[in-house]
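# Residue-level structure breakdown
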Amino acid sequence: MNKSAEAFRTIGEVADELEIPKHVLRFWEGRFPQIRPMKRGGGRRYYRPEDMELLRGIRTLLHAEGYTIRGVQKILREHGVDQVKAAARRSVPTQSAADGASPPPTRKRGRKPIVAPAARVSAPTAASAAPELKSASCTMNVHVLAAVRELQIARAILLGQPVPQSSASRAEDAKKVRASRT
């Protein structure tokens, strides 16, 4: 049964049209006070066409454009309902233009993709490696050593032990002592 665009819709019809579960719509009502479906006796919800347009915009921002709930709340607070409704209108032409084509890519949920670490240079090939890789690996080694040093200092402080000195700082202290003797 197809309803006209001006007809009120039940939560089940809205959930089917937007392809989201009913409990998500109820959750969104709690998070977005701008969603105010009309409620009849027994708490049954009826969504107006304006509510549908707002829900389409929220769905587009959350699912297609990758916004968080707080991000959409901020848009609603700072720019108003019309800005969110406009997001729904922006996404409709791209979906209808892709008739028969693959659906537009959506943001993946879950863990972030694992980024491959920088190219590691093994010892035999290090001599023949490009100068950029040599400098990058040297820089990385310096940073790693500095981080290890900071961790050693922090550990000593937490355990109440004397702070260990690196060989470079011991050499500098020895120079200072020799300079002060003369």
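Residues numbered from 1 in each chain as written. Predicted model: local features only at pLDDT ≥ 70, side-chain atom pairs only at ≥ 80, totals over all residues. Heavy atoms only, no water.

Glancing now at the overall build of the protein chain. The secondary structure content of the protein chain amounts to eight helices and three strands. Listing every helix and strand of the protein chain by position from the N terminus yields β-α-α-β-β-α-α-α-α-α-α. Restricting the contact set of the protein chain to residue pairs at least 6 apart, pairs at least 24 apart contribute 49%. Surface exposure of the protein chain reaches about 13700 Å², of which carbon and sulfur atoms provide 56%. (Helix = DSSP H or I, 4+ residues; strand = E, 2+ residues; numbered from the N terminus. Contact = heavy atoms within 4.5 Å. Areas by Shrake-Rupley, 256 points an atom, 1.4 Å probe, with all protein chains shown as cover.)

Here we come to unusual backbone geometry. Positive phi values are uncommon outside glycine, yet E19 reaches one of about 60 degrees. Its place among the elements puts E19 in the loop between α1 (11-18) and α2 (22-31). By relative accessible area, E19 is classed as exposed at 64%. (Buried < 20%, exposed > 50% of the residue type's maximum accessible area, 1.4 Å probe, protein only.)

Okay, α2 next. Three or more residues of α2 are buried, namely V24, L25, W28 and E29. Along α2, the residues classed as buried sweep out an arc of 150 degrees about the axis, all on the same side. The exposed residues of α2 that point more than 90 degrees off its buried face are H23 and G30. Among the structural elements, α1, β2 (38-39), β3 (45-47) and α3 (49-64) are those in contact with the buried residues of α2. (Arc of directions from axis to C-beta.)

Turning next to the side chain of D51. Inspection of the secondary structure assignment puts D51 in helix α3. Setting aside chain neighbours within four positions, we find D51 in contact with R36, P37 and Y46.

A few words now on the nonpolar core. Counting 22 residues, the largest nonpolar core has L25, W28, I35, Y47, L55 and I58 as its most contacted members. Elements with a contribution of two residues or more to this core: α1, α2, α3, α4 (69-79) and α5 (81-97). Of the residues forming this core, the biggest block, six residues, is contributed by α3. In this view, L55 contacts V14, L18, L25, W28, I35 and Y47; residues no more than four positions away in its chain are not counted. (Core = buried A, V, L, I, M, F, W, Y, C linked by side-chain atoms within 4.5 Å.)

Right, let's get into the sheet that holds β3. Judged by pairing direction, the sheet is antiparallel, and its three strands sit side by side in the order β1-β3-β2 without closing on themselves. Looking at strand neighbours, the two that pair on one side only are β1 (9-10) and β2, the edges of this open sheet. Relative to β3, β1 runs antiparallel, the two sharing two bridges. When the bridges of β3 are listed, R9 appears paired with Y47. α3 rests against β1 and β3 of the sheet, and its axis sits at about 80 degrees to β3. (Pairing = 2+ DSSP bridges. Axes fitted to C-alpha atoms, helices over the stretch in contact; angles between N-to-C directions.)

Before going further, it helps to spend a moment on the packing of α3 against α4. It is at 9 Å that the axes of α3 and α4 come closest, and there the two elements cross at 135 degrees. By the angle between their axes, α3 is oblique relative to α4. Helix-helix and strand crossings are classified by hand; for α3 and α4 the assignment is right-handed. Counted together, L54, I58, L61 and L62 of α3 and I69, V72, I75 and L76 of α4 form the full contact between these two elements. (Parallel < 35°, antiparallel > 145°, perpendicular 65-115°, else oblique. Left-handed = near helix turned anticlockwise from the far one by under 90°.)

Everything listed here is a matter of geometry and, on its own, says nothing about what the molecule does.
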